[in-house]
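This is what each chain is made of:
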Amino acid sequence: MRELPLNLLAAEGGIGMTVAIVVACVLAAILILYGFIKRFSRTSWAGVQIIVIFGATFVISKLPESWFTSDLSRFAVTAGGILVCIAVVLIVGAIVRTFFRTRKKRANWFFRIFDRLFGAVNAVLNFAVFALVLGGLVLSVLYYCVPSLADGALSVVYTYSVGDYVLWDTALPYLPDFILVAFLTMAVKGGYRLGLIKAVWTVFMMILTLAAFGGSILAAVKVPFLANFGASLSGTFAGSIPYELLCNILGYGIVALCVFAVAMIVIILLNLLIGLGVREMDSVGVIRVIDGAVFAVLIYAVVCAFICGLDFAVSAAAAGSFGEQAAQIVQNYRMEELFGTGTLCSVFYEYNPFLILMG
């Protein structure tokens, strides 16, 4: 038992670690109070869901090799299995939350007490998962790519132990998969909340805004009465500014800005009008579920494609496809270890469909 306090108060990094633990305790107290007041039924369950999904994915690594007829099928079963785990956990969570929110009879005192106690625990878990994902990602990159920091200034983090267990060495085999699961889970949750209709409309509004910006500049130069007005403004500035180019930019720029402001008013009104219709469609339960589910699957596929593309780039660079200098960089920064560590991450890296189809 003496090892823990001695570890905390060690000469090397002991003060910093002690301060970090004190800050963590204060933060945990604030989160506990917040969760207790907010209640479990009214707070986000993302942290708990990610932990449960991560635990469920252990089943995927235990699937018999006979199930996989090819490397591509192994990737498909792994990616599909993760999506199924995410979908099942989120659907169960949605059903339970719907029960909490739609029940008309007030819960008894026993349920209300546990609702607040679980809320306190859930608030801490949510923040802990967020910190683990973000901190784990940063520490993993530094551990593999900047070993001088891992062996120097941050050595206290990578060698910190509880009893006979070095925390970093214990967590390292599982951390990449946990980060991957958390990233994919949040992508699916975000995709479902946004929905296909909202996503399409958001993209359309962005295109309209860009078109309005470009069109306002073009109109300020090409439309006769606007161009004449811009020229007169340029002449006004010429009396106080000696540079002709700057005068023209100011004159035509003011005209373009006015045109863009008018166009944006029209776009905002259109957004309010169409957005009202989108919200009405979104209020229909069946349409909302189908719309959200379709876009969630689409976002999941896009994120998986992005991960596979990144893995393919690292793998191709390591093989020398981008030249000896790129291969040396990948080797020096241990990028293959960074991307290929972990059961699930290794499947994305070694059985990458891009690598299989192109190689």
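This section reports on the structure supplied with the text. Computed from a predicted model, the values in this text were never measured in an experiment.

Quick look at the overall build of the chain now. Each helix and strand in the chain was counted, giving 18 helices and two strands. Taken over the C-alpha trace, the chain has a radius of gyration of 28 Å; the compact-globule value for 359 residues is 21 Å, which it surpasses by more than 25%. Projected onto the principal axes, the alpha-carbon positions of the chain cover approximately 85 × 70 × 55 Å. A buried classification covers 33% of the 359 residues belonging to the chain. A separation of at least 24 residues holds for 76% of the contacts in the chain among residues at least 6 apart in sequence. Carbon and sulfur atoms form 75% of the exposed surface of the chain, whose accessible area is close to 21800 Å². Seen as two clouds, the 21 positive and the 18 negative side-chain charges of the chain have centres 24 Å apart.

By the definition in use, this model includes 13 aromatic pairs. Here the aromatic rings of Tyr 158 and Trp 168 are separated by 5.0 Å at their centres, their planes lie at 85°, and the arrangement is edge-to-face. Note that Tyr 158 is positioned in helix α8 (residues 155-158) and Trp 168 in helix α9 (residues 167-171), a separation of 10 residues in sequence. In this pair, the class of Tyr 158 matches that of Trp 168, namely buried. The ring of Trp 45 is capped by Arg 97, whose NZ or CZ atom sits 4.0 Å from the centre of that ring. Cation over ring: Arg 116 sits above Phe 36, and NZ or CZ is 6.0 Å from the ring centre.

Here we come to a nonpolar patch on the surface. On the surface, Leu 33, Phe 36, Ile 37, Trp 109, Phe 110, Ile 113, Phe 114, Leu 117 and Phe 118 cluster together into a nonpolar patch covering about 930 Å² of accessible area. For the nonpolar patch, the secondary structure elements donating two or more residues are α2 (14-38) and α6 (109-145). Among the elements that line the nonpolar patch, the one with the most residues is α6, at six residues. Tracing the sequence through the fold places Phe 114 in helix α6.

Closest axis-to-axis distance for the helix α3 (residues 46-56)/helix α10 (residues 175-194) pair is 9 Å, and the angle between their directions is 125°. Here α3 is positioned oblique relative to α10, judged by the angle of their axes. The chirality of how α3 crosses α10 is right-handed. Between α3, through Ala 46, Gln 49, Ile 50, Ile 51, Ile 53 and Phe 54, and α10, the contact on the second element is made entirely by Asp 177, Phe 178, Val 181, Ala 182, Thr 185, Met 186 and Lys 189. Of the residues that constitute the contact of α3 with α10, the class distribution is nine nonpolar, two polar and two charged.

On to the side chain of Asp 311, then. By the secondary structure assignment, Asp 311 is in helix α14 (residues 285-318). In this structure Asp 311 is buried but unpaired, with Arg 74 as the nearest side chain of opposite charge at 13 Å. Not counting residues up to four positions away in its chain, the partners in contact with Asp 311 are Phe 339, Phe 348, Tyr 349 and Asn 352.

Below, the discussion takes up the nonpolar core. Grouped together as the largest cluster of nonpolar side chains are 47 residues, with contacts concentrated most on Ile 82, Ile 86, Leu 180, Leu 184, Tyr 300 and Phe 348. Where this core is concerned, the elements lending two or more residues are α3, α5 (71-102), α6, α10, α14, α16 (335-340) and α17 (343-350). Sequence-distant contacts of Ile 82, that is, excluding residues within four places in its chain, are made with Thr 57, Ile 60, Leu 184, Tyr 300, Leu 344 and Phe 348. Counting residues in hydrophobic clusters, the runner-up holds six residues, among them Ala 219, Ala 220, Val 255 and Ala 256.

Rules used throughout
Think of each chain on its own: its residues are numbered from 1, step by step along the sequence as written. Residues qualify for local features only when their pLDDT is at least 70, as the model is predicted, and side-chain atom pairs are given and counted only at 80 or more; totals for whole chains, interfaces and linings, by contrast, use all residues. In computing side-chain properties, one takes all heavy atoms of the structure into account and sets aside hydrogens as well as water. Secondary structure elements follow DSSP: runs of H or I no shorter than four residues count as helices, runs of E no shorter than two count as strands, and numbering proceeds from the N terminus. Only the C-alpha atoms count toward the radius of gyration. The rule for a globule is 2.2 Å times the residue count to the power 0.38. For the exposure calls, accessible area comes from a 1.4 Å probe over protein chains only, and a residue counts as buried if that area is under 20% of its type's maximum, exposed if over 50%, partly exposed in between. Contact between two residues is taken to exist if any of their heavy atoms lie within 4.5 Å; hydrogens are not considered. Computed with the Shrake-Rupley method and a 1.4 Å probe, the accessible areas treat only the protein chains shown as cover for residues. None of His or the chain ends enter the tally, which takes Lys and Arg as positive and Asp and Glu as negative. Charge coordinates come from a single atom per side chain, which is NZ of Lys, CZ of Arg, CG of Asp or CD of Glu. Only the six-membered ring of Trp is used, alongside the rings of Phe and Tyr, when aromatic pairs are assigned; centres must lie within 6.5 Å, and planes under 30 degrees apart are stacked while those over 60 apart are edge-to-face, with the rest tilted. Remark: a charge is flagged as sitting over a ring if the NZ atom of Lys or the CZ atom of Arg is within 6 Å of the ring centre and within 35 degrees of the ring normal. Here, patches come from residues exposed beyond 30% relative accessible area and free of salt bridges, joined within 9 Å for like charges and within 5 Å for nonpolar side chains (Val, Leu, Ile, Met, Phe, Trp, Tyr). Whenever a carboxyl oxygen of Asp or Glu lies within 4 Å of a side-chain nitrogen of Lys or Arg, that contact is scored as a salt bridge. Each axis is a line fitted through C-alpha atoms, taken for helices only over the stretch in contact, and angles between the N-to-C directions span 0 to 180 degrees. Orientation labels follow simple angle bins: below 35 degrees gives roughly parallel, above 145 gives roughly antiparallel, 65 to 115 gives roughly perpendicular, and whatever is left gives oblique. For any pair of crossing helices, the crossing counts as left-handed if the nearer helix is rotated counterclockwise from the farther one by less than a right angle, and right-handed if it is rotated clockwise. Three residue categories are used. Nonpolar comprises Ala, Val, Leu, Ile, Met, Phe, Trp, Tyr, Cys and Pro, charged comprises Asp, Glu, Lys and Arg, and polar comprises the others, including Gly. Take the buried Ala, Val, Leu, Ile, Met, Phe, Trp, Tyr and Cys residues and link them wherever side-chain atoms come within 4.5 Å; each set so joined is a nonpolar core.

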